[in-house]
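Listed here are the chains, written in short residue letters.
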Protein chains: 2
Amino acid sequence: MTEPNRPIIILVEPQLAENIGMTARAMGNFGLDALRLVNPKGGWPMKGVRETASNATHILDGARIFSTVAEALADLHYVLATTARERGQMKRVFGPDDGMAEAAGRLGAGERVGILFGRERVGLSNDEVSLADAIVTFPVDPDHASLNLAQSVLLVAYEWRRAAGQAVLPFTGGLRSGPAPREAVIALFESLEADLDAAGYYPPPKRDGMIRNMRDMFHRMAMTEQDVRSFRGALRALTRRPPEE
Amino acid sequence: MTEPNRPIIILVEPQLAENIGMTARAMGNFGLDALRLVNPKGGWPMKGVRETASNATHILDGARIFSTVAEALADLHYVLATTARERGQMKRVFGPDDGMAEAAGRLGAGERVGILFGRERVGLSNDEVSLADAIVTFPVDPDHASLNLAQSVLLVAYEWRRAAGQAVLPFTGGLRSGPAPREAVIALFESLEADLDAAGYYPPPKRDGMIRNMRDMFHRMAMTEQDVRSFRGALRALTRRPPEE
């Protein structure tokens, strides 16, 4: 099955092999796989293009080559053009988040959606932008507005994955043992405070306030049962009398 | 003023000059400027590092060099470690969006926040991750989980800019002239329909339905006043009788 319900990435006259490889890598990172190239400079396959693709070389192997933008778009239903510059064309302008939300909706309805990315130095021509339904631009610092080609593909792929509801983190920070029951935490406090009493740590008039402050500090640790056991073990080690000589 | 309320990007033993340059470029795209390098391979300044930095070379010029991670973190209040792998450490795990929301909150409260990025091939060591308060990981396709170093910096910078409320698109798709008053649209319809009547376009039993469908189609264009003028001009051109010979 080729080109399922994911947007198709279309690079127009890309020039640098490392950008095409990095584009494939970025697509793979976020689950895209359909790449089209319009008239890549120096022909295709391009020397060195696999070196920056990490394990996304299957995307390069499956890339389709076209000689005009119109041909590369011929079978698509909805086309977004990425650009950093206002074009004086009365199209909807999206950030990558809203653009990919629109794309995900259309992909879900069975439309084929493509996203055009222009040349490294000069981007897309006005005539090429004119072939698109809407524009995607990026919320960059205006003083540093030049996004690398593969970087702009990355942001679009990242936002597509989120808009498609597929952006799941590879792992979460779940507790390895359950949170300690309050009884265990209080037993730890009482044990610690008894040891500190025995060591003469508390100036008597300040004792109650110091205890409250230290209990607060420990509560902020949100200890697990294992944490409480480890801490009580450490406390026993610190208060153990050295063996008699 | 150095290192204002923006996160500090810390690369640990980066190896490739182009990745450091691309990191600076990505930082500049989204308004970051404080870069720290721990023990960059091959020393500093590094040959070729400026070539991929676009106009963000000021970030490279201002980079601070440290020989250990602990030194690079010494003056920070809150540290996030980026990693693709579960580390068996009981830390909070954020995606870049939630991680940067947390960072933006702390930066707003005057804390200094740093984000650790590991070596190109092996990332951060467990001991280095252990120096951080929490983890940032990315919602990648598990089969293509390897993000390029500068790409992961880009996603963090992009999400920081959003979390900080600074993600403004450089332009919007506002109409160049106001939307056409309904009167002008209806006048266009009537003119078009009169021309089509004169041309014998409508089969009489279908005329009313065809008119409704075509009016619907035009309504979807959401024409401006200028659009209506242009369309009426085009219609006049099409219906003009050729000059007599």
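Just so it is clear, the model here is predicted, and its values are computed rather than measured.

Thresholds, definitions, all that
- Residues numbered from 1 in each chain as written.
- Chains lettered and ligands numbered in written order.
- Predicted model: local features only at pLDDT ≥ 70, side-chain atom pairs only at ≥ 80, totals over all residues.
- Heavy atoms only, no water.
- Pairing = 2+ DSSP bridges.
- Helix = DSSP H or I, 4+ residues; strand = E, 2+ residues; numbered from the N terminus.
- Axes fitted to C-alpha atoms, helices over the stretch in contact; angles between N-to-C directions.
- Contact = heavy atoms within 4.5 Å.
- Expected span 1.5 Å × (residues − 1).
- Buried < 20%, exposed > 50% of the residue type's maximum accessible area, 1.4 Å probe, protein only.
- Arc of directions from axis to C-beta.
- Buried area = accessible area lost by both parts, 1.4 Å probe.
- Salt bridge = Lys/Arg side-chain N within 4 Å of Asp/Glu carboxyl O.
- Polar contact = N/O pair within 3.5 Å; in protein donor to acceptor, adjacent residues only side chain to side chain.
- Nonpolar A, V, L, I, M, F, W, Y, C, P; charged D, E, K, R; others polar.
- Core = buried A, V, L, I, M, F, W, Y, C linked by side-chain atoms within 4.5 Å.
- UniProt positions renumbered as here; feature names shortened; annotations may be inferred.
- Phe/Tyr/Trp six-rings, centres within 6.5 Å; stacked < 30°, edge-to-face > 60°.

**Let's talk about the sheet that holds strand 2 (residues 35-38) of chain B**
All names here are of chain B.
For step 1, the next point in the chain: The 7 strands are arranged 3-2-1-6-4-7-5 in an open sheet whose pairing can be described as parallel. The open sheet has two edge strands with one neighbour each: strand 3 (64-66) and strand 5 (92-94). This sheet shows a mean twist of 25 degrees between the axes of neighbouring strands, independent of strand direction.
For step 2, the next point in the chain: Relative to strand 3, strand 2 is paired through 3 bridges, and the arrangement is parallel. Within the sheet, the bridge partner assigned to Val38 lies in strand 3 and is Phe66.
For step 3, the next point in the chain: Along the sheet face, helix 6 (residues 149-163) touches strand 1 (8-12) and strand 6 (113-117) and points at about 155 degrees away from the line of strand 6.

**Things to note about helix 4 (residues 96-108) of chain A**
For step 1, the next point in the chain: With 13 residues, helix 4 of chain A should reach 18 Å at 1.5 Å per residue; the first-to-last C-alpha distance of 18 Å fits that figure.
For step 2, the next point in the chain: Within helix 4 of chain A, burial applies to Pro96(A), Gly99(A), Met100(A), Ala103(A), Ala104(A) and Leu107(A). One side of helix 4 of chain A carries all its buried residues, which in axial view fall inside an arc of 135 degrees.
For step 3, the next point in the chain: Those residues of helix 4 of chain A hidden inside the fold are in contact with strand 4 (78-82), strand 5 (92-94), strand 6 (113-117), strand 7 (134-136) and helix 6 (149-163) of chain A together with helix 6 of chain B.
For step 4, the next point in the chain: Where helix 4 of chain A ends, the next residue or the one after it, Gly110(A), has phi of about 90 degrees, a positive value.

**Details of the interface of chain A and chain B**
For step 1, the next point in the chain: Residue-level contacts link 57 residues of chain A with 57 residues of chain B.
For step 2, the next point in the chain: Buried surface at the junction of chain A and chain B, both sides included, amounts to about 4400 Å², of which 57% is carbon and sulfur.
For step 3, the next point in the chain: Together, Met90(A), Pro139(A) and Phe171(A) form the three largest contributors to the area buried by chain A at its contact with chain B, with a combined 17%.
For step 4, the next point in the chain: Inspection of the region where chain A meets chain B yields 4 salt bridges.
For step 5, the next point in the chain: Put simply, Glu159(A) and Arg162(B) hold a salt bridge, and the shortest N to O gap is 3.1 Å.
For step 6, the next point in the chain: Taken together, chain A and chain B are joined by 22 residue pairs in polar contact (both at pLDDT 80 or more).
For step 7, the next point in the chain: Only helix 1 (17-29), strand 5, helix 4 and helix 6 of chain A provide two or more residues apiece to the side of chain A that touches chain B.
For step 8, the next point in the chain: A class-by-class count of the residues in the side of chain A that touches chain B yields 26 nonpolar, 19 polar and 12 charged.

**Looking at unusual backbone geometry**
For step 1, the next point in the chain: Between Trp44(A) and the following residue, Pro45(A), the backbone shows a cis peptide bond with an omega angle of -5 degrees.
For step 2, the next point in the chain: Positionally, Pro45(A) belongs in the loop between strand 2 (35-38) and helix 2 (57-61).
For step 3, the next point in the chain: In this structure, Asn39(B) is a non-glycine residue whose phi angle is positive, near 50 degrees.
For step 4, the next point in the chain: As for its position among the elements, Asn39(B) is in the loop between strand 2 and helix 2 (57-61).
For step 5, the next point in the chain: Residue Asn39(B) is classed as partly exposed on the basis of its relative accessible area of 35%.

**As for the nonpolar core**
For step 1, the next point in the chain: Within the largest apolar cluster, 80 residues are counted, with the highest numbers of intra-cluster contacts made by Ile9(A) and Ile9(B).
For step 2, the next point in the chain: Apart from the residues lying within four places of it in its own chain, the contact partners of Ile9(B) are Thr23(B), Met27(B), Leu32(B), Ala34(B), Leu35(B), Arg36(B), Ile115(B), Phe117(B), Val153(B) and Val156(B).

**What to know about the sheet that holds strand 4 of chain A**
Residues and elements named next belong to chain A.
For step 1, the next point in the chain: With respect to topology, 7 strands assemble into an open sheet ordered 3-2-1-6-4-7-5, the strand pairing being parallel. Each of the sheet's edge strands pairs with one partner strand only, and the pair in question is strand 3 (64-66) and strand 5. Averaged over all pairs of adjacent strands, the angle between strand axes in this sheet comes to 25 degrees, irrespective of strand direction.
For step 2, the next point in the chain: Across the sheet, helix 1 lies against strand 1 (8-12) and strand 2, angled at about 165 degrees from strand 1, the strand it touches most.

**Overview of the UniProt feature "domain: tRNA/rRNA methyltransferase SpoU type" (unreviewed entry) in chain A**
For step 1, the next point in the chain: Using the residue numbers shown here, the UniProt feature "domain: tRNA/rRNA methyltransferase SpoU type" (unreviewed entry) corresponds to residues 8-158 of chain A.
For step 2, the next point in the chain: As annotated, residues 8-158 of chain A comprises 33% helix and 19% strand, and the C-alpha atoms at either end are separated by 14 Å.

**Some points on the pattern of salt bridges**
All names here are of chain A.
For step 1, the next point in the chain: Evaluation of the coordinates by the stated rule reveals 32 salt bridges over all chains.
For step 2, the next point in the chain: We note a salt bridge from Asp33 to Arg6, for which the minimum N-O separation is 2.8 Å. Separated by 27 residues along the polypeptide, Asp33 in the loop between helix 1 and strand 2 and Arg6 in the segment before strand 1 bring together distant segments of the chain.
For step 3, the next point in the chain: Residue classification places Arg6 among the partly exposed residues on the basis of a relative accessible area of 28%.
For step 4, the next point in the chain: Linking Glu111 and Arg106 is a salt bridge whose minimum nitrogen-to-oxygen distance equals 3.1 Å.
For step 5, the next point in the chain: A relative accessible area of 24% means that Arg106 is categorised as partly exposed.

**Observations concerning the side chain of Gln151(A)**
For step 1, the next point in the chain: Along the chain, Gln151(A) falls in helix 6.
For step 2, the next point in the chain: On the basis of relative accessible area, Gln151(A) is assigned to the buried category, the value being 1%.
For step 3, the next point in the chain: Contacts of Gln151(A), omitting those with residues within four sequence positions, involve Met22(B), Ala26(B), Ala150(B), Gln151(B) and Leu154(B).

**Things to note about the pairing of strand 4 of chain A**
Residue and element names in this part refer to chain A.
For step 1, the next point in the chain: Extensive coverage of strand 4 is indicated by the burial of 5 of its 5 residues.
For step 2, the next point in the chain: Here strand 4 shows no split at all, with Tyr78, Leu80 and Thr82 on one side and Val79 and Ala81 on the other all buried.
For step 3, the next point in the chain: Relative to strand 6, strand 4 is paired through 4 bridges, and the arrangement is parallel. Paired with Ala81 across the bridge in strand 6 is Leu116.

**Things to note about the packing of aromatic side chains**
For step 1, the next point in the chain: Enumeration according to the criterion identifies 9 aromatic pairs over all chains in this entry.
For step 2, the next point in the chain: Geometrically, the ring pair formed by Phe30(B) and Tyr158(B) is edge-to-face, given 5.5 Å between the ring centres and 70 degrees between the ring planes. Here the residue Phe30(B) occupies a position in the loop between helix 1 (17-29) and strand 2, and Tyr158(B) occupies one in helix 6, the gap between them amounting to 128 residues.
For step 3, the next point in the chain: Residue classification places Phe30(B) among the buried positions, given a relative accessible area of 0%.
For step 4, the next point in the chain: Tyr158(B) sits in the buried class, given a relative accessible area of 0%.
For step 5, the next point in the chain: Joined through ring pairs, the aromatic side chains of Phe30(A), Tyr158(A), Phe30(B) and Tyr158(B) make up one cluster.

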